[in-house]
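Descriptive analysis of the structure
The chain contents come next:
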Amino acid sequence: MRLSSLTPLLLALCALPPLANANANTEAPASACSLSPVASEMRELTSGGRTRTYRLFVPPLVGRRATLPLVLDLHGSGGDAAGQARTSGFEALAAREGFAVASLQAEGSRWNVPVTAGRADDVQYVSDVLDHIASRSCIDSARIYATGFSGGGRMSSLLGCRLNHRIAAIAPVGGLRWTGPCPGRALPVLGVHGLADLTNAYEGGGDRGGEWVDSVPQALAGWATHNRCQPKLAQEDPPGPSHTVRYTGCAGGAEVRLLRIDGMGHIWPRTEIDATHTIWQFFKDHSLQ
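The paragraphs below set out a description of the structure included in this document. (Residues numbered from 1 in each chain as written. Predicted model: local features only at pLDDT ≥ 70, side-chain atom pairs only at ≥ 80, totals over all residues. Heavy atoms only, no water.)

1. Some details on the pattern of salt bridges
- A complete count under the given rule lists 15 salt bridges for this structure.
- The salt bridge partner of Glu107 is Arg50, with a shortest N-O separation of 2.6 Å. You can see Glu107 sitting in the loop between β4 (100–104) and α4 (122–134) and its partner Arg50 sitting in strand β2 (residues 50–58), a full 57 residues away along the chain.
- We classify Arg50 as partly exposed; its relative accessible area is 29%.
- We note a salt bridge from Arg110 to Glu211, for which the minimum N-O separation is 2.8 Å. In this pair, Arg110 sits in the loop between β4 and α4 while Glu211 sits in the loop between β7 (189–194) and α6 (216–226), placing the two residues 101 residues apart along the sequence.
- The class of Arg110 is partly exposed, set by a relative accessible area of 36%.
- Judged by its relative accessible area of 18%, Glu211 is buried.
- Each of Arg110, Arg154, Arg208 and Glu211 takes part in one network of salt bridges that share partners. (Salt bridge = Lys/Arg side-chain N within 4 Å of Asp/Glu carboxyl O. Helix = DSSP H or I, 4+ residues; strand = E, 2+ residues; numbered from the N terminus. Buried < 20%, exposed > 50% of the residue type's maximum accessible area, 1.4 Å probe, protein only.)

2. Concerning the pairing of strand β3 (residues 68–74)
- The buried fraction of β3 amounts to seven of the seven residues, a majority that puts the element mostly inside the structure.
- Pairing geometry for β3 and strand β5 (residues 139–149), over six bridges, is parallel. When the sheet's bridge partners are listed, Leu68 is paired in β5 with Ile139. (Pairing = 2+ DSSP bridges.)

3. Remarks on helix α2 (residues 81–88)
- Where α2 is concerned, the buried positions are Ala81, Gly83, Gln84, Ala85 and Ser88.
- Where the residues of α2 are buried, they touch β2, β3, α3 (90–97), β4, β5 and α7 (275–284). (Contact = heavy atoms within 4.5 Å.)

4. Remarks on the state of the cysteines
- Enumeration over the complete set of coordinates arrives at two disulfides.
- The disulfide that involves Cys161 links it to Cys182, with 2.0 Å between the sulfurs. On the sign convention where negative is left-handed, the bridge of Cys161 and Cys182, at about -120° about the S-S bond, is left-handed. You can see Cys161 sitting in helix α5 (residues 151–162) and its partner Cys182 sitting in the loop between β6 (169–173) and β7, a full 21 residues away along the chain. As far as the burial class goes, Cys161 and Cys182 line up, both buried.
- Put simply, Cys229 and Cys250 are joined by a disulfide, and their sulfur atoms are 2.0 Å apart. (Disulfide = S-S within 2.5 Å.)

5. Points about the packing of aromatic side chains
- Using the criterion set out here, one finds eight aromatic pairs in the structure.
- With a centroid separation of 6.4 Å and 85° between ring planes, the pair formed by Tyr145 and Trp280 is classed as edge-to-face. Of the two residues, Tyr145 sits in strand β5 while Trp280 sits in helix α7, which places them 135 residues apart along the sequence. By the burial criterion, Tyr145 is buried, and Trp280 matches it.
- In this structure an aromatic cluster arises from ring pairing among Phe90, Phe99, Tyr145, Trp268, Trp280, Phe282 and Phe283. (Phe/Tyr/Trp six-rings, centres within 6.5 Å; stacked < 30°, edge-to-face > 60°.)

Functional significance is not addressed by these values, which are geometric in nature.
Structure (structure tokens):
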């Protein structure tokens, strides 16, 4: 066959797309979903005209296109993000389980809850942090959770009310509050509280002003009403200091549960129970519908 007769065939072959290589990397470019391991990096953003910071941890060995759950971990009054990260140990668990952790930082070390005019808008700050992380990382928007200790527990309670379109579940430790009325969906709630807590008393009251009024059972009941649970409490009292109180039959499976620990004071428990592991197991069962 003469070369001139082959020319149309060669041109047609050149116009065809290349054959796929079975061994080629078919992932989208990194810019489509950029999630790189971050070893406890402090980040800065502007929220409400104020410069704010937070600490972000992304576990190692994540795929370029992985979307990870995100746990917001909030420190107690007088604390800071780094201290809460050490106390809870969520970052070590996240490295094993494969989720990201953002340890948030209150302005002046105290969260604005109950909300007071003139102070930083911490609900907006949290929303801005979520936007800031989402613009840079591949976070699963249906699996964002909030926990915290003491004042951070009160703040995570407020987030469950004000941001329940973004927060899938909350788990306050030593700080469960009912901050309603709340708009929106039923929200899964896990509280952890010690009966010997002298700072945020289980029975409520004390000299804390608006920070601590209702008892923990009253706060739990407020969430149960919001979640349209059955009114009768179910209790589990196995041997040992830890007891579970729960409301069942809640809308959308949004259970309301409390771990009540005999003899425990105002601490993040790691011996009576491993609160960090228990909270993560609870979170794993829930996502935005």
